[in-house]
Amino acid sequence: MTMSSGDIHMKIVHGDGGYILQDIPHFSDYIPSLPTYPNPLRSNPAYSVVKQYFVDVDDTVPQKVVVHKDGPRGVHFRRAGPRQKVYFKSDDVHACIVTCGGLCPGLNTVIREIVCSLSYMYGVNKVLGIDGGYRGFYSKNTITLTPKVVNDIHKRGGTILGTSRGGHDTAKIVDSIQDRGINQVIIIGGDGTQRGASVIYEEIRRRGLKVAIAGIPKTIDNDIPVIDRSFGFDTAVEEAQRAINAAHVEAESAENGIGVVKLMGRYSGFIAMYATLASRDVDCCLIPESPFYLEGKGGLLEFIEKRLKENGHMVLVIAEGAGQDLLTESTQHMNQKDASGNKLLQDVGLWISHRIKDHFGRKNNMVINLKYIDPTYMIRAIPSIASDNVYCTLLAQSAVHGTMAGYTGFTVGLVNGRQTYIPFNRITERQNQVVITDRMWARLLSSTNQPSFMNPRDAKVAKKTEPSTQLLDGNTPKYEPKSENHTDNHIATKS
Ligand SMILES: Nc1ncnc2c1ncn2[C@@H]1O[C@H](COP(=O)(O)OP(=O)(O)O)[C@@H](O)[C@H]1O
Ligand SMILES: O=P(O)(O)OC[C@H]1O[C@](O)(COP(=O)(O)O)[C@@H](O)[C@@H]1O
Ligand SMILES: [Mg+2]
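Residues numbered from 1 in each chain as written. Chains lettered and ligands numbered in written order. Predicted model: local features only at pLDDT ≥ 70, side-chain atom pairs only at ≥ 80, totals over all residues. Heavy atoms only, no water.

**Topic: the packing of aromatic side chains**
As enumerated under the stated definition, the model contains 8 aromatic pairs in all. Judged by centre distance (4.9 Å) and plane angle (40°), the rings of tyrosine 47 and tyrosine 53 are tilted. For tyrosine 47, a relative accessible area of 23% puts it in the partly exposed group. An aromatic cluster is defined as three or more aromatic residues linked by ring pairs; in this entry it consists of Phe27, Tyr30 and Phe88. It is lysine 210 that lies over the ring of phenylalanine 88; its NZ or CZ is 4.4 Å from the centre. (Phe/Tyr/Trp six-rings, centres within 6.5 Å; stacked < 30°, edge-to-face > 60°. Buried < 20%, exposed > 50% of the residue type's maximum accessible area, 1.4 Å probe, protein only. Lys NZ or Arg CZ within 6 Å of the ring centre and 35° of its normal.)

Given below as structure tokens:
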């Protein structure tokens, strides 16, 4: 193995057969001669009987599990889990938890399990909650968190800590961490939050502090790359079914009934795609990644008319970020941003409903009945379903094992079904999006039987610009052992 390159965010290790480890930072990278201690889990009756409970220092997880027989072993991440030695005495740990950005089902479960893991596994009793997102570090009192306080919070939606957008002031946040004597910071949030966590880590390191910074990715839109899926996503898809069912019932019960459902997804249409695939009642699904047009031959309005004539009703699911190019053409309020700097989107569901009504209003021979449902905040605010609860538990435990082991500057994440530690820069460098030239979108098109709304020229452009599925027949580059070049062809939609 050779350590060939790296910076303060990611240490790259090359091994045989084209093996690459994208490793995370550790205290020992910038603080010499730190003492270590035996992991208290050794004497924990629940875990001490588990064979090989501690993760081997050389265990790593491949980013891609499907590889060509002649292909390189590719990128790997450090496997998450408890280590033999820890870098903190239990009594010395002073941890804090913060939640930032929009709500997502499962936030309270993650908070609960961080507190319980620190307490029950590592004997840590000092855990603080930061009130109301990043700005809470310097503008609000903290909340004391104990297993008793968090006991039943997983049954509630939202976050007991509160959350916010904006307010990220790195110097003030790090001053507050330093002043309070906090030495483990677990930050739960989406792409913006993880960018914020990354700069906090940089500043902590610049000041030479023994403070571990760990992120837990939260994104209901599933727009964070590398990880299999984000917590709360399955809950959102499940809850979206209720809105789609309602739209279907309404549409079926009226003459020329049209049910329109807007689902979350600013830049990524995963919720809309999976909710559509799961429901089977949807006639057409529109997502930000797939352009569409309304008027004329092959357009959306023609398709709606066709479906109404065939079936007497139809259901349209639209992700909030779909068709924004069409909206901005017809409205003034462009370029407004929220406190975090995210572009504010206009209500595409309302817009498309008006456009459909206008279109059929001009046709004397076709009266339609359109009902528009926007379940966004109802979906976001519910508690997580059982599978997400288990997932949240594992993420929380992985984060705690990592910080106790002296790792820092990392995000935990599920990669190919395994818990891993991922360098911040890998998850903030780009967005996870539906690849419309991949199989999953093709499955959706064949299930709804909707047109792709793409002319062949657009399709060609999409094929060129989207990351392609690596293992299409005859498409895999041969592994050349000497080359250190690595291109990340991450497949957003795994087939
Ligand atoms: N590039 C950035 N650098 C530092 N902080 C950021 C950055 N982008 C967003 N943040 C902060 O992260 C928090 C959450 O960001 P936001 O985009 O609202 O939600 P999410 O994390 O869910 O994407 C906010 O407090 C915001 O100020
Ligand atoms: O109304 P808010 O709170 O700004 O949130 C709306 C946005 O939040 C989301 O649910 C998630 O966004 P984040 O991941 O950035 O928090 C988006 O789908 C939606 O556009
Ligand atoms: Mg975001």
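That was the structure; now back to the text.
**With respect to the site of ligand 2**
In the vicinity of ligand 2, the residues found are Gly101, Gly102, Arg165, Lys218, Ile220, Asp221, Met264, Gly265, Arg266, Glu320, Tyr377 and Arg380. A distance of 2.5 Å separates an oxygen atom of ligand 2 from a polar side-chain atom of tyrosine 377. Side-chain polar atom of arginine 380 to an oxygen atom of ligand 2: 2.8 Å apart, as the coordinates give it. For ligand 2, the protein covers 83% of the area, taking 480 Å² as the surface of the free molecule. For the shell around ligand 2, a count of residues per class yields 3 nonpolar, 3 polar and 6 charged. (Near = heavy atom within 4 Å. Polar contact = N/O pair within 3.5 Å; in protein donor to acceptor, adjacent residues only side chain to side chain. Areas by Shrake-Rupley, 256 points an atom, 1.4 Å probe, with all protein chains shown as cover. Nonpolar A, V, L, I, M, F, W, Y, C, P; charged D, E, K, R; others polar.)

**Quick look at helix H8 (residues 300–311)**
Here H8 is 12 residues long and its end C-alpha atoms lie 16 Å apart, about the 16 Å a rise of 1.5 Å per residue gives. If you check which residues of H8 are buried, you get Leu300, Leu301, Phe303, Ile304, Glu305, Arg307 and Leu308. The elements touched by buried residues of H8 are strand S13 (257–263), strand S14 (284–286), strand S15 (313–319), helix H10 (348–361) and helix H14 (439–448). Downstream of H8 by one or two residues, glycine 312 has phi in the positive range, about 80°. (Helix = DSSP H or I, 4+ residues; strand = E, 2+ residues; numbered from the N terminus. Expected span 1.5 Å × (residues − 1). Contact = heavy atoms within 4.5 Å.)

**Overview of the pattern of salt bridges**
Evaluated as defined, the whole model comprises 22 salt bridges. Linking lysine 11 and aspartate 29 is a salt bridge whose minimum nitrogen-to-oxygen distance equals 3.0 Å. Taken as a pair, lysine 11 in strand S2 (residues 11–15) and aspartate 29 in the loop between strand S3 (19–23) and strand S4 (37–38) lie far apart in primary sequence, 18 residues in all. You can call lysine 11 buried: its relative accessible area is 16%. Linking aspartate 59 and arginine 79 is a salt bridge whose minimum nitrogen-to-oxygen distance equals 2.9 Å. Taken together, the residues span a long stretch of sequence, with aspartate 59 in the loop between helix H1 (45–48) and strand S5 (60–62) and arginine 79 in strand S6 (residues 74–79) at a distance of 20 residues. (Salt bridge = Lys/Arg side-chain N within 4 Å of Asp/Glu carboxyl O.)

**A few points about the site of ligand 1**
Around ligand 1 sit 17 residues in total, of which Arg165, Gly166, Asp191, Thr193 and Ser340 are the nearest. Contacts to ligand 1 include asparagine 342, whose side-chain N or O atom sits 3.0 Å from an oxygen atom. Across the complex, the protein chains shield 82% of the 550 Å² of accessible surface that ligand 1 would expose by itself. Along the lines of polarity and charge, the residues of the shell around ligand 1 split into 2 nonpolar, 11 polar and 4 charged.

**Details of the confidence of the model for the protein**
Averaged over the protein, the pLDDT score is 91; the fraction of residues at 70 or greater is 89%. Taken as a whole, residues 468–478 scores under 50 in pLDDT and shows 17 contacts with residues more than four places along the chain or in a different chain. Note that residues 481–495 has pLDDT below 50 and, in this model, 40 contacts with residues that lie over four places away or in other chains. Among the prediction metrics, the complex's ipTM stands at 0.98, with pTM recorded as 0.92. (pLDDT = per-residue confidence, 0-100.)

**Topic: helix H6 (residues 233–253)**
Here H6 is 21 residues long and its end C-alpha atoms lie 30 Å apart, about the 30 Å a rise of 1.5 Å per residue gives. Taken as a whole, H6 has its buried residues at Phe233, Thr235, Ala236, Val237, Glu239, Ala240, Gln241, Ala243, Ile244, Ala247, His248 and Ala251. Tucked inside the fold, the buried residues of H6 contact S13, helix H7 (270–279), S15, strand S16 (369–373), helix H11 (376–380) and helix H12 (386–404).

**Examining the sheet that holds S16**
Pairing is parallel across the open sheet formed by 4 strands, whose spatial order is S14-S15-S13-S16. Taken across any chain shown, the strands that pair with only one partner, and hence form the sheet edges, are S14 and S16. Here the average twist between neighbouring strands, direction ignored, is 15°. Pairing geometry for S13 and S15, over 7 bridges, is parallel. Its bridge partner being in S15, valine 260 is matched across the sheet by leucine 316. (Pairing = 2+ DSSP bridges. Axes fitted to C-alpha atoms, helices over the stretch in contact; angles between N-to-C directions.)

**Description of unusual backbone geometry**
Of note, the phi angle at asparagine 256 is positive, near 50°, even though the residue is not glycine. Mapped onto the fold, asparagine 256 is located in the loop between H6 and S13. A positive phi angle, close to 60°, is found at asparagine 449, a residue other than glycine. When you line up the elements, asparagine 449 lands in the loop between H14 and helix H15 (456–465). A residue is classified by how much of its surface remains accessible, and asparagine 449, at 55% relative accessible area, is exposed.

**Observations concerning the side chain of aspartate 23**
Mapped onto the fold, aspartate 23 is located in strand S3. Look past the residues within four positions of aspartate 23 in its chain and what remains in contact with it is His9, Met10, Lys11, Arg78 and Pro423.

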